[in-house]
Amino acid sequence: MKFFIDTANLSDIQEAYDLGVLDGVTTNPSLMAKEGIAGHDKVMAHYKAICDIVDDNVSAEVIATDFDGIIKEGKELAKIDDKIVVKVPMIKDGVKAIKYFTSEGIRTNCTLVFSSGQALLAAKAGASYVSPFIGRLDDVGADGLQLIQDIVDIYDNYGYITEVLAASVRHTMHLIQCAEIGADVVTCPLNVITSLLNHPLTDKGLAQFLADHKKANG
Ligand code: E4P
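Because the structure is predicted, anything quoted here is derived from the model rather than measured.

### A look at the site of the ligand
(1) Moving on: Around the ligand sit Asp6, Thr26, Asn28, Thr111, Ser131, Phe133, Gly135, Arg136, Ala167, Ser168 and Thr187, and those are all the residues in its vicinity.
(2) Moving on: In terms of residue class, the shell around the ligand is built from 2 nonpolar, 7 polar and 2 charged.

Okay, structure coming up:
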């Protein structure tokens, strides 16, 4: 399973990369705004700075919602670096744009996916990644993980190459359950990745090993 970090914060991206387990980054307009990144040139420069940290897979989201606008923006984003994946919302013009980008060899991430039907459309259009949002479904009383399972099953039935990128992942159990289901990718904040390190028996065991070593060696 690939690990993506869901942030536009450069130090979090660097920390996850330095851990040696990072396969990519997802951003969205809210995450960019949270870092105070505004204005065309600053946004472009920030995406480039992210690309300079990681090896591949930097999702950069278009703001346009009409076909021509999405194509123009997506092409400009794709020119920043070969690592860019153009993130396109699950709307009618977005699906058309994904089909176009696929024919041009530009990778896409279809975002804001909340149903199996939407995921099926994204795959048929040739999206490289589909992003179902687990946490936001859970927030409205639906079952986010069940959607991941359904999409994995549907894609397996037909051998779609679109990778299931579980998004809006809020805690480690989301991540572990996505791994059990067979999601191709999980994107989450840094703390969800680093929380995987923790187990009280690891801490207890290490303390005992070090204490015994000290007793024997002085
Ligand atoms: C996906 O790419 C989105 O950026 C993200 O996972 C949304 O997560 P949130 O629901 O925690 O904002």
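### Comments concerning the packing of helix α4 (residues 67-80) against helix α5 (residues 92-103)
(1) Moving on: Contact geometry for α4 and α5: axes closest at 9 Å, N-to-C directions at 45°. In this view, α4 runs oblique relative to α5, as classed from their interaxial angle. Once α4 is placed against α5, the crossing between them reads as right-handed. In this structure, α4 uses Phe67, Ile70, Ile71 and Gly74 to contact α5, whose residues at the interface are Asp93, Gly94, Lys96, Ala97, Tyr100 and Phe101.

### Here's the deal with the pairing of strand β5 (residues 108-113)
(1) Moving on: Of all the 6 residues making up β5, 5 are buried; the element is thus mostly covered by neighbouring parts of the structure.
(2) Moving on: Examined bridge by bridge, strand β4 (residues 84-89) and β5 share 4 bridges and lie parallel to one another. Across the sheet, the residue bridging to Val88 is Cys110, located in β5.
(3) Moving on: Considered for its hand, the β-α-β crossover made up of β4, α5 and β5 is right-handed.
(4) Moving on: Here 3 bridges tie β5 to strand β6 (residues 129-132), and the two strands are oriented parallel to one another. By the bridge assignment, Cys110 is partnered in β6 with Val130.

### A short note on the sheet that holds strand β2 (residues 24-26)
(1) Moving on: Pairing is parallel in the closed barrel, where 8 strands are placed in the order β1-β2-β3-β4-β5-β6-β7-β8. Looking at each pair of strands side by side, their axes are set apart by 30° on average, direction ignored.
(2) Moving on: Packing against the sheet, helix α8 (residues 144-158) makes contact with β6 and β7 (163-166), and its axis sits at approximately 175° to β7.

### Let's talk about α4
(1) Moving on: Here α4 is 14 residues long and its end C-alpha atoms lie 20 Å apart, about the 20 Å a rise of 1.5 Å per residue gives.
(2) Moving on: If you check which residues of α4 are buried, you get Ile70, Ile71, Gly74, Leu77 and Ala78. Along α4, the residues classed as buried sweep out an arc of 135° about the axis, all on the same side. The outward face of α4, more than 90 degrees from its buried face, is lined by the exposed residues Asp68 and Lys79.

Thresholds, definitions, all that
- Residues numbered from 1 in each chain as written.
- Predicted model: local features only at pLDDT ≥ 70, side-chain atom pairs only at ≥ 80, totals over all residues.
- Near = placed C-beta within 6 Å.
- Nonpolar A, V, L, I, M, F, W, Y, C, P; charged D, E, K, R; others polar.
- Axes fitted to C-alpha atoms, helices over the stretch in contact; angles between N-to-C directions.
- Helix = DSSP H or I, 4+ residues; strand = E, 2+ residues; numbered from the N terminus.
- Parallel < 35°, antiparallel > 145°, perpendicular 65-115°, else oblique.
- Left-handed = near helix turned anticlockwise from the far one by under 90°.
- Contact = placed C-beta atoms within 7 Å.
- Buried ≥ 20, exposed ≤ 12 C-beta atoms within 10 Å, placed from the backbone.
- Pairing = 2+ DSSP bridges.
- Right-handed = clockwise from strand over helix to strand, strands pointing away.
- Expected span 1.5 Å × (residues − 1).
- Arc of directions from axis to C-beta.

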